[in-house]
Amino acid sequence: MRNKSVIFLVLVLFVLVNLAAKQKVKRSKEKKFVINAAIFYPLSTNRSKNQYTNINFSLLYGHVGVVEGFDLAIISSRVRRDVRGVQMTGLAGVVGDSLYGVQASGLCNIVAGELRGVQAAGICNVAGDQLMGIQASGIFNIVGDRISGIQASGIFNIVGERLRGIQTSGIFNIVGETLIGVQSSGIFNITGEQLKGVQSAGIFNVIGEELRGFQAAGIFNVVGGNNMGLQISTINVSGELSGVQCGLVNVTGRAEGVQIGIVNYTKEEMTGIPIGVVNIARNSRLRFVGWGSNIMAANMGIKFKIRNLYSILYFGALNLEKNINSSLSIGFQYGVHIPLDKKFFLDCDLGGLYIDNKTFFWFHKGDRDHFGLKARAMLGIEFSRRFSLFA
């Protein structure tokens, strides 16, 4: 009786093993079709969403597991895991994991994981993880992690973390962390942390931390941390300046670099070079100055001095050169202050002025309004921080 029981158990196990093996072979055969066709899944040759296929054709909607080869859909197609090859759809293509190759559609493409290759769509592209290659669309592109390559769209591009390459759009671009390369748009660009390269926009640019490169915009540039490159715009703002700011108005917290503009402002001490009409910093000195000359009899202005560099914005009256009493002038001088000892100094500057004769602030035929250049060298004596004489 005992031997019969053992024999019975062996037979049961043998049957179960054979059934499992047959089921495994059946599943394997279900997943490995060279060619698959679908009208609207599950109205298709594949009965499993996990099916492996080399060539997949779909009329309205197809759904398979893996494609290694070619996936073509008139309307849309979804691949549950990977695509290694080409996926082309009329409206939308979706890949659940990674794509290595080309994904193209009339409306939108979505890859949940990594994309290595090209993603092109009429409206939008989305890659959930990283992209190594090219992403191009008519409206927008989004990459959740990082890009090594090119991202181009008609409206906007967004990268969640890092971009190494080129990002260009018609309206705006956003990179969450670091950008190494070029960021260009028609309206604005934003990089969350560091930029090494070029950032160019029609209206404004913003970098959260550090700039090592070139930033250019039509209205304003902002660098939250240190500007170690070049900013060019109407208004430039940075937390620190080790590079160059060039614009009408330049603002920084602490400066060791160069400011070139009409108004230059440094919140703390300026230890670099300010080149402008109005230069203001914690270590700047403001003085009222007045003098006479053989061009304009009476001149009065404001002198902005930072360390040994200064600028003077002044007005003048009475044109002695042309013997015209009804005359006004406005001028600007920029120069260097050279201390000779504790009291004596030498000021050398270069500048220009506009002389408005007869009909003030209006040009008439026959008026002798003109521009002039001035170079001066003056020896002076300083009696106190607020009063000195020069000639």
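Preceding this paragraph is the structure being described.
Residues numbered from 1 in each chain as written. Predicted model: local features only at pLDDT ≥ 70, side-chain atom pairs only at ≥ 80, totals over all residues. Heavy atoms only, no water.

Asker: Honestly, the nonpolar core in this entry has me stumped. Any pointers?
Answerer: Side chains that are nonpolar tend, in soluble globular proteins, to be buried together. Formed by 20 residues in total, the largest nonpolar core has its most connected members in V83, L99, I147 and L163. Excluding residues that lie within four positions of it along the chain, L99 makes contacts with V83, V111, E114, L115 and R116. Listed in part, the nine residues of the second largest apolar core include W291, M296, Y310 and I355. (Core = buried A, V, L, I, M, F, W, Y, C linked by side-chain atoms within 4.5 Å. Buried < 20%, exposed > 50% of the residue type's maximum accessible area, 1.4 Å probe, protein only. Contact = heavy atoms within 4.5 Å.)

Asker: How do you make sense of the layout of surface pockets when you look at a structure like this?
Answerer: Estimates place the volume of the largest pocket at around 190 Å³. Lining of the largest pocket is provided by R287, F288, V289, G290, K303, F345, R386, F387, S388, L389 and F390. Where the lining of the largest pocket is concerned, the elements lending two or more residues are β30 (284-291) and β36 (388-390). Among the elements that make up the lining of the largest pocket, the one with the highest residue count is β30 (four residues). Class assignment for the residues of the lining of the largest pocket results in six nonpolar, two polar and three charged. (1 Å grid on protein atoms, 1.4 Å probe; cavity = no way out; pocket = protein on both sides within 12 Å on 5 of 7 lines; lining within 4 Å. Points joined across faces, edges and corners; volume = space filled by probe spheres on them. Helix = DSSP H or I, 4+ residues; strand = E, 2+ residues; numbered from the N terminus. Nonpolar A, V, L, I, M, F, W, Y, C, P; charged D, E, K, R; others polar.)

Asker: How should the pattern of salt bridges be read in this particular structure?
Answerer: Pairing of side chains with opposite charge becomes possible as their charged atoms draw close. Under the definition given, this model contains 11 salt bridges. A single salt-bridge network, built from bridges that share partners, covers E161, R162 and E177. (Salt bridge = Lys/Arg side-chain N within 4 Å of Asp/Glu carboxyl O.)

Asker: It is not clear to me how empty space enclosed by the protein should be interpreted in this structure. Could you clarify?
Answerer: A probe as big as a water molecule, rolled over the atoms, marks out the empty space that is left. Per the counting criterion, the structure on display carries one cavity of 30 Å³ or more. A volume near 40 Å³ is recorded for the largest cavity. Along the walls of the largest cavity sit V289, K303, Y310, I312, D347, D349, R376, M378 and F390, which together make up its complete lining. Where the lining of the largest cavity is concerned, the elements lending two or more residues are β32 (309-319), β34 (344-357) and β35 (370-382). Within the lining of the largest cavity, the residues separate by chemical class into five nonpolar, no polar and four charged.

Asker: Help me out: how do you make sense of a positive patch on the surface in this one?
Answerer: A cluster of basic residues, K49, R78, R80 and R81, forms a positive patch on the protein surface. Of note, K49 is situated in the loop between β2 (43-44) and β3 (52-64). Overall, the relative accessible area of 36% leaves K49 in the partly exposed class. (Patch = residues over 30% accessible without salt bridge, like charges linked within 9 Å, V, L, I, M, F, W, Y side chains within 5 Å. Areas by Shrake-Rupley, 256 points an atom, 1.4 Å probe, with all protein chains shown as cover. Lys, Arg positive; Asp, Glu negative; His and termini not counted. Charge placed at Lys NZ, Arg CZ, Asp CG, Glu CD.)

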